[in-house]
Amino acid sequence: MAKAPAFRCSECGWTTLKWVGRCGECQQWGTVEEAGGATARVAASSVPAARAARPITELTAADAPRWATGIGEFDRVLGGGIVPGAVVLCSGEPGVGKSTLLLAVAATAARAGRRVLYVSGEESLAQVRLRAERTGALEPELYLASETDLGTILGQIRDAAPELVIVDSVQTVASADNDGLAGGPSQVRDVASALTRAAKEADVPLLLVGHVTKDGSVAGPRVLEHLVDVVAHFDGDRQTALRFVRTSKNRFGPTDEVGCFEMTGDGIVEVTDPSGLFLSRSSTPLPGTCVTVALEGRRAIPVEVQALVVRSSTAQPRRVVNGVDSSRVAMVLAVLERHASMPLGSEDVYVSTVGGIRLTEPGADLAIALAIASAARNVALPPRLAAIGEISLAGEIRAASAAKRRATEAKRLGYARVVDESAALVRNAVPETIRAGRQESAPAGRREPAGVPNF
């Protein structure tokens, strides 16, 4: 008689007869645990009248009313506000500002008269108080607790009867009924399940802070993301003040909205119009600069791309990028050399964005190409010009996604000239744009790199 599987992977459910350190199915380490014994058959129980199944046509949106947190950018990401009983998982790199944002959400809700319970498993009460005092989050309806025991947290929720619960973070909470270490897969799964069940039963929204791994994904078992209703990721460069909040899962709204925030000395503030954050302060056009319109969620944001081309002093020319994809820059350089007759093989090329934003979409290819060409010819592009388009390996200019929305935003911001897919080919768009810039603003006597065609 075959033996029943004695060990099971907490991530994917793979079973084995003996313990192994790595799952043979999902290849995760430390997720294989001893499976429980056979369970008794569960008998059907009577259903209370209040919880009986109802036809979907009898339900209305009023059965799940939203309430605004008071922070517009956060409400935008959530789909208009917080739904009672919803569980939101907020993840992000250490020090990016997750706790600061959620403390601001808690203070705003408390200021509106809602009782908020903020449970910190990583900081003491005095530390949270100091941060709240610095950011102006001292409110009488904001209750603080420093706990890491699941049973105590559930008791705090029962006794305080809050209208909003924040747990920072789920990896620091442990259940006494589980022998695993805090932060382990089994502990995270049990803690998240218990907190989610308590939030659903009390119809109280719950915000959880989650750690991330080295690759940026949510740490812990994959079931954690399945348990919650919303998965929001808080990201941004720690060297800059700009922060973005995106959702990868949202049961109550779209997942293509982006919230924009700025970290200041007094806390985190929302940025309702980030159109001027990624442009240089120069009033006159400079060589090596070109503006494109990028999409962050549903927002169209103007971004300035800067390039510098200088004679290389090494046998291997440098290709240094910041804020753009290095592989796409290499492709653009190859297209310029092949289809625009610009030999840049002996030049050092530097490409960067302004403001710390990162461009990963192909719609910025044309702006990168024009910025490099402008820097190589040392000619400023015409003023109030924006470039939007994807460049193919054949030298064609293709329309970017949501091209009409980008062009409309560019015209709204005063960019009268838009170079896009209507130019058709790189060998037409680049020379014509450079000639227009030379005719309008290029002074005489500028040094031009050797080997670059004088188009």
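As a reminder, the structure under discussion sits directly above these lines.
Owing to the predicted nature of the structure, the values given are computational and were not obtained by experimental measurement.

### Concerning the pattern of salt bridges
Scanning the entire structure with this criterion turns up 19 salt bridges. In this structure, Arg114 and Glu163 form a salt bridge, with 3.3 Å as the shortest nitrogen-oxygen distance. Here Arg114 is found in the loop between helix H2 (98–111) and strand S5 (116–120), whereas its partner Glu163 is found in the loop between helix H4 (150–160) and strand S7 (164–168), with 49 residues between them in sequence. Classification of Arg114 as partly exposed rests on a relative accessible area of 24%. Here Glu163 falls in the partly exposed class, since its relative accessible area comes to 35%. Here Arg328 and Asp365 are joined by a salt bridge, their closest N and O atoms 2.5 Å apart. Placement of the pair is Arg328 in helix H7 (residues 326–339) and Asp365 in helix H8 (residues 365–377), with a sequence separation of 37 residues. Here the salt bridges do not stand alone but share partners, grouping Glu73, Arg76, Glu257 and Arg299 into one network.

### Digging into the sheet that holds strand S10 (residues 242–250)
Across a sheet, strands are paired by hydrogen bonds formed along the backbone, either parallel or antiparallel in direction. Spatially, the nine strands line up as an open sheet ordered S6-S5-S7-S8-S4-S9-S10-S11-S12, and their pairing is mixed. Strands with a single pairing partner mark the edges of an open sheet, and in this sheet they are strand S6 (142–145) and strand S12 (267–270). When the angles between neighbouring strand axes are averaged without regard to direction, this sheet yields 25 degrees. Inspection of the sheet shows strand S9 (residues 230–235) paired to S10 by six bridges, in the antiparallel sense. The partner of His233 across the bridge, within S10, is Arg246. Contacting strand S4 (87–92), S5, S6, S7, strand S8 (206–210), S9, S10, strand S11 (258–264) and S12, H2 crosses the sheet at an angle of about 160 degrees to S5.

### A look at the side chain of Thr172
Among the structural elements, Thr172 can be located in the loop between S7 and helix H5 (185–202). In this structure the side chain of Thr172 is engaged in a polar contact, spanning 2.7 Å, whose partner is the backbone oxygen of Ser169. When neighbours within four sequence positions are excluded, Thr172 is seen to be in contact with Gly121, Glu122, Thr148 and Ala182.

### Observations concerning helix H3 (residues 125–135)
Restricting attention to buried positions, one finds in H3 the residues Val128, Arg131 and Ala132. Down the axis, H3 shows its buried residues gathered within 100 degrees of arc, on one side only. Of the surrounding secondary structure, the elements contacted by the buried residues of H3 are H2, S5 and S6. Among the residues trailing H3, Gly136 stands out with phi positive, at a value near 70 degrees.

### Looking at the sheet that holds strand S3 (residues 32–34)
Within the open sheet, the three strands sit side by side as S2-S1-S3. Their pairing is antiparallel. In this open sheet, the two edge strands, each paired with only one partner strand, are strand S2 (15–16) and S3. With three bridges connecting them, strand S1 (residues 7–9) and S3 associate as antiparallel partners. Among the inter-strand pairings, Arg8 is bridged to a residue of S3, identified as Glu33.

Rules and cut-offs
- Residues numbered from 1 in each chain as written.
- Predicted model: local features only at pLDDT ≥ 70, side-chain atom pairs only at ≥ 80, totals over all residues.
- Heavy atoms only, no water.
- Salt bridge = Lys/Arg side-chain N within 4 Å of Asp/Glu carboxyl O.
- Helix = DSSP H or I, 4+ residues; strand = E, 2+ residues; numbered from the N terminus.
- Buried < 20%, exposed > 50% of the residue type's maximum accessible area, 1.4 Å probe, protein only.
- Pairing = 2+ DSSP bridges.
- Axes fitted to C-alpha atoms, helices over the stretch in contact; angles between N-to-C directions.
- Contact = heavy atoms within 4.5 Å.
- Polar contact = N/O pair within 3.5 Å; in protein donor to acceptor, adjacent residues only side chain to side chain.
- Arc of directions from axis to C-beta.

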